Amino acid sequence: MMADNNNVKNKGDIDVWIKQAVRDMQSAENSLKSGDYYVAALLSQQAVEKALKYLYITRKKKLLPIHDLTALAKLVGAPQDILFKCSEINPVYIEVRYPSGKDLPSEKIDERQAKHILTITYGILIWVKEQV
């Protein structure tokens, strides 16, 4: 069970992170198919965040409450290619969540970008699973 100090002791509490990452990826794929490209991008970012946190929790037995994918990847010792992929996805967390001026978040990601982000996400999830 998780405690207030972010320590994680129960394997089930750890495994839920990777299970939800996979589920977020499935929802991202569904959003891509329905044309909700910004949702596909956001759910991809969330899948990567949860997968990296899964790896961190597996190793350190505590939750780190940050959203920066590149910082998380560095903390788990990710290689340069994974760090680069994380840096590509990182801006999505803010870009598609909050309006900026007259720009609608829902119009910031097109199909090509969403597909690219999903491809990157697949690669990161595969790398994470290979680490455990």
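Residues numbered from 1 in each chain as written. Predicted model: local features only at pLDDT ≥ 70, side-chain atom pairs only at ≥ 80, totals over all residues. Heavy atoms only, no water.

> Looking at this structure, I do not really get the environment of Val39. What am I missing?
Mapping Val39 onto the fold places it in helix α2 (residues 37–60). Remark: the alpha-carbon pair of Val39 and Lys129, spanning 90 residues in sequence, is separated by 24 Å. (Helix = DSSP H or I, 4+ residues; strand = E, 2+ residues; numbered from the N terminus.)

> Sorry if this is basic, but what is going on with the nonpolar core here?
As a rule of thumb, soluble globular proteins bury nonpolar side chains together. Of all hydrophobic cores here, the largest spans 38 residues; its most connected members are Val48, Leu52, Cys86, Ile89, Ile124, Trp127 and Val128. At the level of elements, α1 (11–34), α2, α3 (69–75), α4 (80–89) and α6 (111–131) are the ones that each hand at least two residues to this core. In terms of residues, this core owes the most to one element, α2, which gives ten residues. Setting aside anything within four residues of it in sequence, one finds Trp127 in contact with Leu52, Leu55, Val76, Gly77, Ala78, Pro79 and Ile82. (Core = buried A, V, L, I, M, F, W, Y, C linked by side-chain atoms within 4.5 Å. Buried < 20%, exposed > 50% of the residue type's maximum accessible area, 1.4 Å probe, protein only. Contact = heavy atoms within 4.5 Å.)

> Sorry if this is basic, but what is going on with α1 here?
Every α-helix carries 3.6 residues per turn, so stepping three or four residues along brings you back to the same face. Here α1 is 24 residues long and its end C-alpha atoms lie 35 Å apart, about the 34 Å a rise of 1.5 Å per residue gives. Within the sequence span of α1, burial applies to Ile14, Asp15, Trp17, Ile18, Ala21, Asp24, Met25, Ser27, Ala28, Ser31 and Leu32. Taken together, the buried residues of α1 touch α2 and α6. Two residues or fewer past α1, Gly35 is found with a positive phi of approximately 90 degrees. (Expected span 1.5 Å × (residues − 1).)

> What exactly am I supposed to notice about the pattern of salt bridges here?
As a working rule, side chains carrying opposite charge can pair if their charged atoms are close by. Tallied over the full model, the rule gives three salt bridges. When the shortest N-O distance is used, the salt bridge between Glu49 and Lys53 registers 3.0 Å. With a gap of four residues between them, Glu49 and Lys53 both fall in helix α2, about one helical turn apart. Exposure class is identical for Glu49 and Lys53. Each is buried. Residues Glu111 and Lys115 are paired through a salt bridge, measuring 3.2 Å at the closest nitrogen-oxygen approach. Here the residue Glu111 and the residue Lys115 both occupy positions in helix α6, the gap between them amounting to four residues, near one helical turn. (Salt bridge = Lys/Arg side-chain N within 4 Å of Asp/Glu carboxyl O.)

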